[in-house]
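Understanding the architecture of this molecule
Each chain, letter by letter, is given below.
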Amino acid sequence: MPEITSRRGLLFGTAAVSAGVLLAGCTSNESDDEPASNDQPAADDKPGKQVTIGFAGPQADHGWLNAINDNAKSRAKKYKDVTLEITEGSNDTAQQIGQIETLINKKVDVLVVLPADGKALTQVGLQAMRAGIPVVNLDRIFNSPQAYRCWIGGDNYGMGLNAGHYIGEQLKDKKGARVIELAGLDNLELTKQRTQGFDAALKNYPNIKKVARQAAEFTVESGQAKMSQLLQAQSNFDALWNHDDDQGVGALRAIEQAGRDDFLMVGGAGALSAMQAIESDNSVLKATVLYPPTMAASAIDLARALGQAKGVSGLAEFEIPSSLTLYSAVVDKENVKTYLPTGFK
Amino acid sequence: MTQPVSPPRDEIPKLSPQVEPSPWRAVVARADVRTLSLLGVLAALILIGGITKPDEFLDTRNLQLVLTQASVIGVVTVGMTFVIISGGIDLSVGAIVALASVWATTVATQDYGFAGIFFTAVIVGVGCGLVNGVLIAYGTMVPFIATLAMLASARGLALQITDGNTQVVTVDGILDLGERDSYVLGVPPLVMVFAVVTIIGWLVLNRTTFGRRTVAVGGNAEAARLAGIDVRRQRLYLYLLSGLCCGIAAFLLIILSGSGQNTNGNLYELDAIAAAIIGGTLLTGGRGTIVGSVLGVLIFTTITNIFALNNLQSDVQQIAKGAIIVAAVLVQRRTASTT
């Protein structure tokens, strides 16, 4: 649908120009289907030298990953001096290596890579760096610091930690409190980190015991199936932490179908549907721990700054940092209005 | 063993009804042994569940849960059983479930209501089955390849339609079907659909010309053709049937999960094939039962349930699933060769 694309391009072109005229401080009115993101770019907004950014993202078969791609694309469109060379998303390691090699051959100025598997793509990251192309490693981290110039990503351990502390604070006066965990895909490193953080936080609350943990697969279907069985296995518990809001749609269905409302639930990632449920406060879901897809927009900012050899405005350093870890804020009824615009579908 | 002396030629008696059904009875007996061994496995699992978690496992709610979880994959497996009995295979079932569910939920967001969602799911399922059937029956493509192509393209299309998003259903009437208020005499509507599909499947396979033709095509397609069966048309119908089952399953999944997602139905093809195989359906065609397949599905669902109730992790579950497939097939080999 080229017509829509160009119209959208026009929209963003206009937005970029008006942003330039009004400088900072203006608020944008984005259409609803665009991922909203922080409107203050990391580097300054003034047009600089033309930068071509190569973006190798994941296959967008999941709400959060789709939001990553959207965030990267829409942020790149905001800059008149940025050209985005985007490869087709892939979950296949070999295919993604090939795509990045193609981007290297095209001699893009900067690369932004969200690897399907950080360890498996380290070599091609090294290859790009050796070819003189700085790499911004997004989220899933490469094995070697030599394979990237800058890493930006979420804090999986912190996600578990903050979820654990939130639940701990809610239940701290309850004797013999029972907590269960609905984890994500167990063969991903990030799932382990989220669980480790969660367990570490719970250690601060001796009255709380984690009584069960089941792994789902980040899908609605698996969330529904695993949750309904957890509910059957645990006739009473006080809190549930679910690693992912997409599978949370299924988990909430299972809870509804079982007619249970005797516990509080904390989600993960920050999907729009979860935030809306928190806002309306009519289900067990009381909070979600963020893992913001806006990091993709920030990665584009950093890549542009790298390409133009700029630092980050507001920081004293001349160069951009070598690593940036996002904070996994807890969104509950009190602050959900602030975060609602960042919720992804 | 000494041969009985044959009577003079003109004295050969007409085969009496008592003599004639003996091979038929052997077939019945063998099928029963197979079914009984599956029932034995299921009983053993129920015993394990009852011993390890008596309060949670032996509970009406848990029975409802196990049967509900079995319904979606169960409906798919009934269709798959027909296809495998005919000597074919349908690798696209999971992808068709995904495509039908996302297409139907796209309609849901546009407010076409209950009927719109149901018919979209069924039409998409049948449509995909039609493409499979035409390619295989009239394009003389190998079922493995044709349905593999459908797997890839249906998943791709499902991803394109959703753009990676989870499509949450907002039409109330549909979601109500998954709630406990709509259970009739304690039976969830999903389970009723599963039961009806199973009964119709059993009747069609065992009591109709269509069923006999399916077995005949799977046993020996050339012989079936010489016997006057339109083998190509029969094959077309079988893939249509499988697609129809996928459409129904997609609708059940929408009720169950309240949404459509492109990742729906992941690995259903393997689960359905595994259930049919441990149910005694020959992968080479010509033999299989609906009851066996449904028992296969129930065995898998029960294992998952027991493991979750005992808080075992998914790695252990997968290993056990593999072991069960091997054990069940070995047991069947034994029972098949000794009777």
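Residues numbered from 1 in each chain as written. Chains lettered and ligands numbered in written order. Predicted model: local features only at pLDDT ≥ 70, side-chain atom pairs only at ≥ 80, totals over all residues. Heavy atoms only, no water.

**Overview of the overall build of chain B**
Within chain B, the secondary structure is distributed over 14 helices and two strands. Burial statistics for chain B: of 339 residues in total, 50% are counted as buried. Taking all contacts inside chain B whose residues are at least 6 apart in sequence as the whole, residues at least 24 apart take part in 80%. Of the roughly 16,100 Å² of accessible surface on chain B, 66% is carried by carbon and sulfur atoms. (Helix = DSSP H or I, 4+ residues; strand = E, 2+ residues; numbered from the N terminus. Buried < 20%, exposed > 50% of the residue type's maximum accessible area, 1.4 Å probe, protein only. Contact = heavy atoms within 4.5 Å. Areas by Shrake-Rupley, 256 points an atom, 1.4 Å probe, with all protein chains shown as cover.)

**What about a nonpolar patch on the surface?**
Residue and element names in this part refer to chain B. A grouping of Val131, Leu135, Met141, Val142, Phe144, Ile145 and Leu148 is seen on the molecular surface, where their side chains present a nonpolar patch of about 560 Å² in accessible area. If you list the elements that add at least two residues to the nonpolar patch, you get α5 (113-138) and α6 (143-162). A per-element tally of the nonpolar patch places α6 first, with three residues. Here valine 131 is to be found in helix α5. Judged by relative accessible area, valine 131 falls into the partly exposed class, the value being 41%. (Patch = residues over 30% accessible without salt bridge, like charges linked within 9 Å, V, L, I, M, F, W, Y side chains within 5 Å. Salt bridge = Lys/Arg side-chain N within 4 Å of Asp/Glu carboxyl O.)

**Quick notes on the sheet that holds strand β5 (residues 150-153) of chain A**
Residue and element names in this part refer to chain A. Read across the open sheet, the six strands follow the order β2-β1-β3-β4-β5-β11; overall the sheet is parallel. Each of the sheet's edge strands pairs with one partner strand only, and the pair in question is β2 (82-86) and β11 (323-325). Ignoring strand direction, the axes of neighbouring strands in this sheet form an average angle of 20 degrees. Of the pairings in the sheet, the one linking strand β4 (residues 135-138) to β5 comprises three bridges and is parallel in character. Counterpart to leucine 138 in the pairing with β5 is isoleucine 152. (Pairing = 2+ DSSP bridges. Axes fitted to C-alpha atoms, helices over the stretch in contact; angles between N-to-C directions.)

**Notes on helix α5 (residues 156-171) of chain A**
All names here are of chain A. Over its 16 residues, α5 runs 23 Å from end to end, which matches the ideal 22 Å to within 8%, given 1.5 Å per residue. Taken together, the buried positions of α5 are Asn156, Gly158, Met159, Gly160, Asn162, Ala163, Gly164, Tyr166, Ile167, Gly168 and Leu171. Structurally, the start of α5 carries an N-cap: the backbone nitrogen of tyrosine 157 is 3.5 Å from a side-chain oxygen of aspartate 155. (Expected span 1.5 Å × (residues − 1). Polar contact = N/O pair within 3.5 Å; in protein donor to acceptor, adjacent residues only side chain to side chain.)

**With respect to the environment of glycine 154 of chain A**
All names here are of chain A. As for its placement among the helices and strands, glycine 154 is situated in the loop between β5 and α5. Between the alpha carbons of glycine 154 and glutamate 317 there is a distance of 23 Å; along the sequence they are 163 residues apart. Excluding anything up to four places from it in sequence, glycine 154 contacts Asp139, Tyr291, Met295, Thr325 and Leu326.

**Re the confidence of the model for chain A**
Residues and elements named next belong to chain A. For chain A, mean pLDDT is 87; residues scoring 70 or higher make up 87% of the total. Least confident of the elements in chain A is helix α1 (residues 2-22), whose mean pLDDT is 44; most confident is strand β8 (residues 239-242), at 98. Taken as a whole, residues 1-42 scores under 50 in pLDDT and shows 39 contacts with residues more than four places along the chain or in a different chain. (pLDDT = per-residue confidence, 0-100.)

**Considering the interface of chain B and chain A**
Between chain B and chain A, the residue contacts involve 39 residues of the former and 31 residues of the latter. Carbon and sulfur atoms make up 40% of the surface buried where chain B meets chain A, a total of about 2,900 Å² over both sides. A salt bridge links arginine 253 of chain A to glutamate 179 of chain B, with the shortest nitrogen-to-oxygen separation between them at 3.0 Å. Our count for the chain B to chain A interface comes out at 21 residue pairs in polar contact (both at pLDDT 80 or more). Within the residue set of the side of chain B that touches chain A, elements represented by two or more residues are α3 (60-85), α11 (231-257), α13 (290-309) and α14 (314-338) of chain B. Residue composition of the side of chain B that touches chain A, grouped by class: 12 nonpolar, 21 polar and six charged. (Buried area = accessible area lost by both parts, 1.4 Å probe. Nonpolar A, V, L, I, M, F, W, Y, C, P; charged D, E, K, R; others polar.)

**Observations concerning the pairing of strand β9 (residues 264-269) of chain A**
Residue and element names in this part refer to chain A. Burial runs high along β9: six of the six residues are buried. Pairing geometry for β8 and β9, over three bridges, is parallel. Opposite alanine 239, over in β9, you have leucine 264 as the bridge partner. Where the polypeptide runs from β8 across helix α8 (residues 245-258) and back to β9, its parallel neighbour, the crossover connection is right-handed. Sheet analysis places β9 next to strand β10 (residues 285-290), joined by five bridges and oriented parallel. The residue of β10 that forms the bridge with valine 266 is alanine 287. In this view, the connection linking β9 to its parallel neighbour β10 by way of helix α9 (residues 272-280) has right-handed handedness. (Right-handed = clockwise from strand over helix to strand, strands pointing away.)

**Overview of the sheet that holds strand β7 (residues 208-215) of chain A**
All names here are of chain A. Spatially, β7-β6-β8-β9-β10-β12 is the arrangement adopted by the six strands of the open sheet, whose pairing is mixed. Each edge of the open sheet is held by one strand with a lone partner, namely β7 and β12 (330-332). Direction aside, the axes of adjacent strands within the sheet are offset by 20 degrees on average. Lying on the sheet, helix α7 (residues 220-233) is in contact with β6 (177-183), β7 and β8; it crosses β6 at an angle near 155 degrees.

**Observations regarding the side chain of glutamate 269 of chain B**
Within the fold, glutamate 269 of chain B resides in helix α12 (residues 268-278). Here glutamate 269 of chain B occupies a buried position and makes no salt bridge, while the nearest side chain of opposite charge, arginine 155 of chain B, is found at 5.2 Å. (Lys, Arg positive; Asp, Glu negative; His and termini not counted.)

**Considerations on the UniProt feature "domain: Periplasmic binding protein" (unreviewed entry) in chain A**
In this numbering, the UniProt entry assigns the feature "domain: Periplasmic binding protein" (unreviewed entry) to residues 53-308 of chain A. Across residues 53-308 of chain A, helical content stands at 46% and strand content at 20%; the span's end C-alpha atoms are separated by 11 Å. (UniProt positions renumbered as here; feature names shortened; annotations may be inferred.)

**Looking at the pattern of salt bridges**
All names here are of chain A. Considering all chains together, one arrives at 18 salt bridges over all chains under this definition. In this structure, glutamate 85 engages lysine 106 in a salt bridge whose closest nitrogen and oxygen atoms are separated by 3.0 Å. Placement of the pair is glutamate 85 in strand β2 and lysine 106 in the loop between α3 (93-105) and β3 (110-113), with a sequence separation of 21 residues. Lysine 172 is the salt-bridge partner of glutamate 169, the closest N and O atoms lying 3.0 Å from each other.

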